[in-house]
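Structural features, examined
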Amino acid sequence: MTGLDSATTPAGAAVRGATARDARARPRATLALTSAATAVTLMTYTAPMVTLPDTAAALHTPLSGQAWLLNGTPLGLAALLLVAGSLADDYGRRRIFLGGTLALGLTTALGALTTSTWQFTLARIAQGAASAAILASSLGLLVAAFPAPRGRLHATGVWGAFVSGGIAVGPLIAGALPTWRVAYGVLGAAALVVAALGTRALTESRAPRGGRPDVLGALTFGLALVALVAALTLGRDGWLRAPVGLLFAAAVVLMALFVAVERRTGTPMIDLGLLRHTPFLASATGGLFTGLAVIAPFSFLPALIQQTLRLSPVDTAWLLLLWSGLSFTVALQVKHLAGRIAPRTQLAVGFALHAVGVLTMLGAIGSGSWTRLLPGLIVGGVGSGLLNGALPLLAVDSVPRERAAMGSGAQQTFRYIGSSAGVALTIALATSSGNLAHGANIALLVSAGLAAVGAVSVVVLRER
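Take the nonpolar core next. Core analysis: the largest hydrophobic core is formed by 100 residues, its most contacted members being Ile-305 and Leu-373. At 15 residues, the largest contribution of residues to this core is made by helix α11 (residues 278-309). Once residues within four sequence positions are removed from consideration, Ile-305 is found in contact with Arg-310, Leu-311, Thr-316, Leu-319, Leu-320, Ile-365 and Leu-373. Among the nonpolar cores identified, the runner-up in size contains 14 residues, and Ala-29, Leu-33, Val-40 and Ala-201 belong to it.

Okay, structure coming up:
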């Protein structure tokens, strides 16, 4: 389905009805609440960046199990983002958004009460599932509240900036509070406040296609991603082990089943025809390599800094604020590039700057001086801001308007698949030699290489 022919379909009629409802939407309130919820989501996501050593010590988690402490949330996100996006478009973006914020508040608070690695990991997976509902429905709500291209450009730019803002503030809050348990309690309370405010301020929007929910598609896709992420995480302790091979095989079989289901159902979770649409492929590729090359190494970098440079969690958070704060500032200004630089070009530049940034950080982990990290954090922060500013707009512009939440969910699914794979890879590389400084250099080189591949990929995907 394209944006032109959708007007003549039942879905197109639904869009006209949705547009009439959207006229009553409160755009500023919608932007404020979706941005706030997104920031809280990313704060929860990034909290383990600086609390990982203390959390692992409190839960008696061995080094081999620390990847699970980081990968729990990406696992829930990757498995349910696409599902949440489709449900939001069909059954109500406000409904999915409010359910997600409520669930995030409750599961984050429960995470503060866990006493073992497996309990904490399950809580983090549940947080990821709740976060998927928030992130996928947020852009759908914004597209409904800002139907004009200029307004949509402004709204997605602000939303993308709050992705960076959440990344910036999360480690600071987690590091500044007395314990990691208190940090999770505070973040859980913040999510509940947003949920309460949203019940009065948000207007419902949907674009129902009719037909039955794609339950089988959701089940096969979610299980495929769970198997894939589990294999990538377990592979850190040996890629040739039987459980890893079985999980990879299960992921392949389940993904094949998912494709078969989507071809047959009348209301597919994702229109497979979009895979022939260059902007959609560029959006997915940009998300995948952002997760692999950017999110993953910077998720484990704070733990490396604390262990090698002996900085406290608070000092580490302030140091990383240089990177994430610049990312927030740049993402907020990206809207001024509209019409001058295509989003895919902006992605390529962002990936290139990230590659340059991490290359300047080579040797910094073993230097004994945190100042050696500063040039790389500055350059990488600008690159990250360009990525976070371009990705949301590309996600919603690469699909028909009535499928905005699905487009957001699809892109972010690839983003957090990349993050999960990248975290497992980063930890494996950083700890492989027994020398964290040497291992960190290898991980940074791989990050730069992946960013370069990402830059080339989005440039090659030119409009047909």
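For His-60, which is not glycine, the phi dihedral falls at a positive 55°. If you trace the backbone, His-60 turns up in the loop between α3 (48-59) and α4 (66-91). On the accessibility criterion, His-60 (68% relative accessible area) is exposed. A positive phi is found at Arg-310, a non-glycine position, where the angle reads about 60°. Its location among the elements puts Arg-310 in the loop between α11 and α12 (313-333).

It is worth spelling out the pattern of salt bridges at this point. Counting across every chain of the model gives two salt bridges. One salt bridge connects Arg-93 with Asp-89, and the closest N-O pair in it is separated by 3.0 Å. With respect to class, Arg-93 is no different from Asp-89; both count as buried. When the shortest N-O distance is used, the salt bridge between Arg-152 and Asp-397 registers 3.4 Å. A residue pair is termed long-range when its members are at least 10 positions apart, and Arg-152 in helix α7 (residues 149-176) and Asp-397 in helix α14 (residues 374-397) qualify at 245 residues. Among the residues examined, Arg-152 registers a relative accessible area of 16% and is labelled buried.

To continue, consider the environment of Asp-89. Here Asp-89 shows up in helix α4. Considering only alpha carbons, one finds Asp-89 and Ala-404, 315 residues apart in sequence, at a separation of 7.4 Å.

Here is what the cut-offs are and how they apply
Residues numbered from 1 in each chain as written. Predicted model: local features only at pLDDT ≥ 70, side-chain atom pairs only at ≥ 80, totals over all residues. Heavy atoms only, no water. Core = buried A, V, L, I, M, F, W, Y, C linked by side-chain atoms within 4.5 Å. Buried < 20%, exposed > 50% of the residue type's maximum accessible area, 1.4 Å probe, protein only. Helix = DSSP H or I, 4+ residues; strand = E, 2+ residues; numbered from the N terminus. Contact = heavy atoms within 4.5 Å. Salt bridge = Lys/Arg side-chain N within 4 Å of Asp/Glu carboxyl O.

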